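In case you want the letters, here they are:
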Amino acid sequence: MQDRVWLVCKENKYEMIGKGHVKWQKKGRGVGLIVKNALNWKLEEICVGNELESEDILVMRCEKVQANKCIILVVCYMTTMGPLAQEKNVKKYTILERVVQEFSRFPVIVMGVMNGHVGILGEKVNRNGHKLIDFCEENEFENLNVTIGNGLHTWENKEWKAAIDYMLVNHEARQHVREMYVDENEFDIDTDHRMLVLKYKWGRKEVMQEMSSVKEKWCLEAANWEEFD
């Protein structure tokens, strides 16, 4: 297991927490969250266990102390299809279910690279896709990619396109969602994944919160972060 990494970016304007596996292990591992300090969130990581699979799941309690409001953000990475993928992902979904049930009275947003095909693009539903669908149905989560995200692909590599990154919300969070979309090169990110953007109304002031499932490089200098005030 690795220690958590807290980073302060661009003259203390942003804060990031990340976690992942050791460098020599297969790439594609690791999850993180970047938060603009101007949002005045009190951040607290919630421990999800010591299993190896828990390193692919980051759970943060984000609280606006003055407004007495709280939201639970979950960033996760599901293993791609392969011999050991099913066993690993069963453990990861067990962790996810434990988290969302424990915090069911709070708004909960689950986002990340789920590596599952659920038929959005007309493709055959694969094993990871079935796990994702079952998770949403059993825990009463809405898959925003399906309902309001226009069903666009979230990953592209040459001639290949796929929808494998998802944004899921429970009923408490859904009441505050105003819009969710898959960007079309609006943000300059060095990755073959597209960014998922969620507009979430929290109190009187509407805040556009960028919640990305991307785990590659971020071009923070190029992005227009002032829109997220």
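Only a predicted model underlies this, so the values are computations on that prediction, with no experimental measurement involved. Chains are numbered independently. Their residues run from 1 in the order of the written sequence. This being a predicted model, a pLDDT of at least 70 is required before a residue's local features are given, and a value of 80 or more before pairs of side-chain atoms are given or counted; all residues contribute to the totals for chains, interfaces and linings. Water and hydrogen atoms were dropped before computing side-chain values, which therefore reflect all heavy atoms in the structure.

Visitor: Describe the overall build of the chain, listing the residues and the values that go with them.
Guide: Only DSSP runs of H or I covering at least 4 residues are called helices, and only runs of E covering at least 2 are called strands; the numbering of each starts at the N terminus. Scanning the chain for helices and strands turns up four helices and 16 strands. By the convention used here, residues are in contact when the closest approach between their heavy atoms is within 4.5 Å. Partitioning the contacts of the chain with sequence separation of at least 6, the portion at a separation of at least 24 is 58%.

Visitor: An account of the nonpolar core is requested, with residue identities and associated values reported.
Guide: Core analysis: the largest hydrophobic core is formed by 30 residues, its most contacted members being Leu33, Leu73, Ile109, Met167, Leu198 and Tyr200. Among the secondary structure elements, those contributing two or more residues to this core are β3 (31-36), β5 (57-64), β6 (69-77), β7 (108-113), β11 (165-169), β12 (177-182) and β14 (196-202). With 27 residues, the next largest nonpolar core counts Cys76, Phe103, Val110 and Leu132 among its residues. Within this scheme, the nonpolar core is defined by two criteria: the residues are buried Ala, Val, Leu, Ile, Met, Phe, Trp, Tyr or Cys, and they are joined through side-chain atoms within 4.5 Å. Throughout, exposure labels follow a simple rule: accessible area from a 1.4 Å probe, protein chains only, divided by the maximum for the residue type, with under 20% read as buried, over 50% as exposed, and the rest as partly exposed.

Visitor: An account of the environment of glycine 129 is needed here, citing residue identities and associated values.
Guide: Residue position: glycine 129 is located in helix α2 (residues 127-139). Accessibility expressed as a relative area gives 0% for glycine 129, which makes it buried. Linking glycine 129 and methionine 114, residues 15 residues apart in sequence, is a C-alpha distance of 8.1 Å. Residues in contact with glycine 129, not counting those within four places in the same chain, are Gly116, His117 and Val118.

Visitor: Report on the pairing of β14, specifying residues and quantitative values.
Guide: With five of its seven residues buried, β14 lies for the most part within the structure. Bridging between β12 and β14 involves five bridges; their strand directions are antiparallel. Bridged to glutamate 179 within β14 is lysine 199. At least two DSSP bridges between two strands are needed for those strands to be called paired.

Visitor: Residue-level account of the packing of aromatic side chains, with values.
Guide: Stacked, edge-to-face and tilted labels apply to pairs of Phe, Tyr and Trp rings (six-membered ring for Trp) whose centres lie within 6.5 Å, assigned for plane angles under 30 degrees, over 60, and everything in between, in that order. Tallied over the entire structure, the rule returns three aromatic pairs. Ring centres of tyrosine 93 and phenylalanine 135 lie 5.7 Å apart, and the angle between their planes is 45°; on these two criteria the pair is classed as tilted. With tyrosine 93 in helix α1 (residues 85-102) and phenylalanine 135 in helix α2, this residue pair connects regions lying 42 residues apart in the sequence. Accessibility classification places tyrosine 93 together with phenylalanine 135 in one group, the buried group. Consider the rings of phenylalanine 103 and phenylalanine 106, whose centres lie 6.2 Å apart with planes at 45°: the pair is tilted. By relative accessible area, which is 13% here, phenylalanine 106 ends up buried. Among the aromatic residues, those joined into a ring-pair cluster are Tyr93, Phe135 and Phe141.

Visitor: Can you break down the confidence of the model for the chain residue by residue, with the values?
Guide: Residue-level confidence of the predictor is summarised by pLDDT, bounded by 0 at the bottom and 100 at the top. Per-residue pLDDT for the chain has a mean of 79; in total, 75% of the residues score no lower than 70. Here strand β15 (residues 205-210) stands out as the element of the chain with the lowest mean pLDDT, 44, in contrast to strand β8 (residues 142-143), whose mean of 96 is the highest. Note that residues 204-218 has pLDDT below 50 and, in this model, 52 contacts with residues that lie over four places away or in other chains.

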